[in-house]
Amino acid sequence: MKALQIKGYGEIRKNVFLDEVEKPQPKEGQVLVEVHAASVNPVDYKIVLGNLKLLLRLKLPAVFGYDFAGVVVEKGVGVAHLEVGDSVYGRVPSESPCTFAEFVAVDAEIVSLKPKTLDFIEASSIPLVGVTTVQVINRSNLKCGDRVLIHAGSGGIGTFAIQYAKAKGAYVFTTTSTQNVGWVKALGADRVIDYKKEDYKEIAKDLDVVYDTLGGQYTLDAFNLVKPGGHVTSIAGGIDAETVKALGLPKIIQWILFFKGLKIRKMAKQKGVYYNYVLMDPNREQLEQLTDLIQVGAVKPVLDKVYELKDGVDALEHQQSGRAKGKIVIKIR
């Protein structure tokens, strides 16, 4: 089968190639999915650059990619809720990226039936951003009427998170550039902050939750915007102590990650704010909850551009550019 493979770490164009690789076979409890589409996420190009080598140890060359939508063509022993011919979607585990390929073998327990209202391209754009957002919102204890800041409202995560937070009844602040203000407002955000003209720190105050998608100084600044007892929940900042332990990494790497997060944990304690880092864990129940919301029109996919598999390198470079409005998808068949 054809698949995108990483041959080494570094510049995308020099290290990612379309190759012929062995077609996987489903094991007990797995399904083999003929992949029709796979969406691209920032984690994908960060893997190629080598930014995640401490957390993800791949044996190169390696197929990568996390989101997928397609059709079940085989199933292993013990699979009860799926049948051959079912249209499905999902996100593979963090330690096993493999979806930029014509077929993927995946544990059936993390695969859900595709929303009937979406085609394969649209469906493939949902799992990572959707389930990540569900887990962030759950960890943040977001309630109806809470005030939440979601950074980067025009990105893949932002476009989905705005809709999901509004569906939960929150008052949503978000940031974007001048040309995207009206477009992001149409997604449902209550206050869109043009970061080229306005200082979000002067506007988004007295918050219950910050959904930190950017990391770095944005994570630290969040503690000055949240009420005591509020939540800063990050997918890009320092890893919290609980997550470091849960990853089961070698002790030396645990210590490195632990010390990298010291400043954040100290600030959280000083401000009386909860800090959590969310490393998304595939969850079929949460994906099925999103399916229900999608099918009643409460949230919808937002697509930027669709590429063919042969142009996968271009798709990854587009994602790396940071200029995508919504999700980038690779059409595989």
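Our subject is the structure that appears above.
The structure presented is a predicted model; accordingly, all values stated were derived computationally and were not measured. (Residues numbered from 1 in each chain as written. Predicted model: local features only at pLDDT ≥ 70, side-chain atom pairs only at ≥ 80, totals over all residues. Heavy atoms only, no water.)

## A few points about the pairing of strand S1 (residues 2-6)
So the rule is basically this: Exposure classes here rest on a 1.4 Å probe applied to the protein chains alone. A residue is buried below 20% of its type maximum, exposed above 50%, and partly exposed in between. Every helix listed is a DSSP run of H or I at least four residues long, and every strand listed is a run of E at least two residues long, numbered separately from the N terminus. Should DSSP find at least two bridges between two strands, the strands are regarded as paired.
Along S1, four of the five residues are buried, which leaves the element largely enclosed by surrounding structure. Direction of pairing for S1 relative to strand S2 (residues 16-20): antiparallel, over a ladder of five bridges. When the bridges of S2 are listed, Lys2 appears paired with Glu20. The pairing of S1 with strand S4 (residues 62-63) spans two bridges and is classified as antiparallel. Of the residues in S4, the one forming a bridge with Ile6 is Ala62.

## Overview of unusual backbone geometry
Peptide bonds are mostly trans, and most non-glycine residues show a negative phi. Of note, the bond from Leu60 into Pro61 is cis; its omega dihedral lies within 30 degrees of zero at -5°. On the secondary structure map, Pro61 appears in the loop between helix H2 (42-49) and S4. Not every positive phi belongs to a glycine, and Ala152 is a case in point at roughly 55°. On the secondary structure map, Ala152 appears in the loop between strand S9 (147-150) and helix H5 (156-167).

## Quick look at the pattern of salt bridges
Worth spelling out the cut-off: Whenever a carboxyl oxygen of Asp or Glu lies within 4 Å of a side-chain nitrogen of Lys or Arg, that contact is scored as a salt bridge.
Tallied over the entire structure, the rule returns 17 salt bridges. The salt bridge involving Lys75 is made with Glu83; its shortest N-O contact spans 3.2 Å. Of the charged contacts, one joins Glu109 and Arg284 as a salt bridge, the two residues approaching to 3.0 Å between their closest N and O atoms. One end of the pair, Glu109, is in the loop between strand S7 (103-107) and strand S8 (111-113); the other, Arg284, is in helix H12 (residues 284-295), and 175 residues separate them in sequence. Several salt bridges share partner residues, and in doing so they unite Arg13, Asp314 and Glu317 into one network.

## Side note on the nonpolar core
One recurring pattern in soluble globular proteins: nonpolar side chains tend to sit buried together. Just so we agree on the cut-off: In plain words, nonpolar cores are sets of buried Ala, Val, Leu, Ile, Met, Phe, Trp, Tyr and Cys residues tied together by side-chain atoms within 4.5 Å. Residues are treated as being in contact if the distance between any of their heavy atoms lies within 4.5 Å.
By size, the foremost hydrophobic cluster in this structure holds 75 residues, and its most contacted members are Val31 and Phe68. Residue contacts for Val31: discarding those within four places in its chain leaves Pro26, Val72, Glu74, Lys75, Val79, Leu82, Val104, Ala105, Val106, Ala108 and Val111. Core analysis: the next-biggest nonpolar cluster, separate from the first, contains 20 residues, Phe223, Val232, Ile264 and Ala268 among them.

## What about the packing of aromatic side chains?
Definition in use: Pairing of aromatic side chains here covers Phe, Tyr and the six-membered ring of Trp, requires ring centres within 6.5 Å, and sorts the geometry by plane angle: under 30 degrees stacked, over 60 edge-to-face, intermediate tilted.
Tallied over the entire structure, the rule returns five aromatic pairs. With a centroid separation of 5.1 Å and an interplanar angle of 85°, the aromatic rings of Phe64 and Phe100 are classed as edge-to-face. Of the two residues, Phe64 sits in the loop between S4 and strand S5 (67-75) while Phe100 sits in the loop between strand S6 (87-91) and S7, which places them 36 residues apart along the sequence. There is no split in this pair, since Phe64 and Phe100 are both buried. Relative to Tyr164, the ring of Phe160 lies with its centre 6.4 Å away and its plane at 15°, an arrangement referred to as stacked. On the criterion of helical spacing, the pair formed by Phe160 and Tyr164 is a turn pair, its members being four residues apart in helix H5. Under the relative-accessibility criterion, Tyr164 is labelled buried at 4%.

## Concerning the sheet that holds strand S10 (residues 171-176)
Here is the rule: Axis lines are fitted to C-alpha atoms, over the contacting stretch for helices. Their N-to-C directions set the angle, which ranges from 0 to 180 degrees.
Spatially, six strands are ordered S11-S10-S9-S12-S13-S14 in an open sheet, and the strand pairing comes out parallel. Across the chains shown, the open sheet's two edge strands, defined by having one partner strand only, are strand S11 (191-194) and strand S14 (274-277). Across the sheet, the mean angle from the axis of one strand to that of its neighbour is 15°, orientation sign disregarded. Relative to S10, S9 is paired through four bridges, and the arrangement is parallel.

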